[in-house]
Amino acid sequence: MMDETYLSLVPEFAKGMRSMPVVKDHPHWWMTITCDGFGSHLIDKANELFAKHKIQIVKEEGDTSQVNQSHDQNVTKRQVLQTC
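This write-up is about the structure you can find in this document.

1. Re helix α2 (residues 44–52)
Three or more residues of α2 are buried, namely A46, L49 and F50. Seen along its axis, α2 keeps its buried residues to an arc of 100°; they face one direction. Turned more than 90 degrees away from the buried face of α2 sit D44 and K52, all of them exposed. Looking at the buried positions of α2, the neighbouring elements they touch are α1 (3–18), β1 (31–35) and β2 (55–59). Downstream of α2 by one or two residues, K54 has phi in the positive range, about 60°.

Quick look at the structure:
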């Protein structure tokens, strides 16, 4: 994805997140998104746009999906079954 494309998507993405059920009832809440280390995810302008909507970005280190996917329920269940 090109930086320009990412920047064009961020405002709609942020608005969509803020309009989700429950979230829209708490405009003072901050939200967190985790992103991989892909270059476009680290653009200051995009982070500023997210911050205006009270959304913070947390960057995961590159090549760590095999570790961080354990937050995915299905991956976790498979990992548990493999260790039994």
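Let's pick the thread back up.
2. Considering the nonpolar core
Of all hydrophobic cores here, the largest spans 13 residues; its most connected members are Y6, V10, I33, F50 and I55. Of all the secondary-structure elements, those providing two or more residues to this core are α1, β1 and α2. In terms of residue count, the dominant contributor to this core is α1 (4 residues). Sequence-distant contacts of I55, defined by excluding residues within four places in its chain, comprise A14, M17, R18, W30, M31, I33 and F50.

3. What to know about α1
Each α-helix winds once per 3.6 residues, and so residues spaced three or four apart point in a common direction. Between its first and last C-alpha atoms α1 spans 23 Å; for 16 residues at 1.5 Å apiece the expected length is 22 Å, and the two agree. Taking the largest bend as the criterion, α1 deviates by roughly 30°, centred on V10, and proline P11 comes between one and four positions later. Those residues of α1 that fall on the buried side of the exposure criterion are Y6, V10, A14, M17 and R18. Buried-residue contacts for α1 involve β1, α2 and β2.

4. Digging into unusual backbone geometry
Positive phi outside glycine occurs at V22, with the angle close to 75°. On the basis of relative accessibility, which here comes to 47%, the residue V22 falls in the partly exposed class.

5. Remarks on the pattern of salt bridges
Per the stated rule, a full pass over the model turns up 1 salt bridge. A salt bridge links K15 to E12; its shortest N-O distance comes to 3.3 Å. Of this pair, K15 and E12 both sit in helix α1, 3 residues apart, roughly one helical turn.

6. Focus: the packing of aromatic side chains
To describe a pair of aromatic rings, you give the distance between the ring centres and the angle between the ring planes. Summed over the entire model, instances satisfying the criterion amount to 1 aromatic pair. Ring geometry for F13 versus F50: centroids 6.0 Å apart, planes at 85°, classification edge-to-face. Separated by 37 residues along the polypeptide, F13 in helix α1 and F50 in helix α2 bring together distant segments of the chain. F13 gets classed as partly exposed once you look at its relative accessible area, which sits at 45%. The exposure class of F50 is buried, given its relative accessible area of 2%.

Rules and cut-offs
- Residues numbered from 1 in each chain as written.
- Predicted model: local features only at pLDDT ≥ 70, side-chain atom pairs only at ≥ 80, totals over all residues.
- Heavy atoms only, no water.
- Buried < 20%, exposed > 50% of the residue type's maximum accessible area, 1.4 Å probe, protein only.
- Helix = DSSP H or I, 4+ residues; strand = E, 2+ residues; numbered from the N terminus.
- Arc of directions from axis to C-beta.
- Contact = heavy atoms within 4.5 Å.
- Core = buried A, V, L, I, M, F, W, Y, C linked by side-chain atoms within 4.5 Å.
- Expected span 1.5 Å × (residues − 1).
- Bend = angle between axes of the 7 residues up to and from the residue.
- Salt bridge = Lys/Arg side-chain N within 4 Å of Asp/Glu carboxyl O.
- Phe/Tyr/Trp six-rings, centres within 6.5 Å; stacked < 30°, edge-to-face > 60°.

By themselves, these are just geometric observations and shouldn't be taken as functional.
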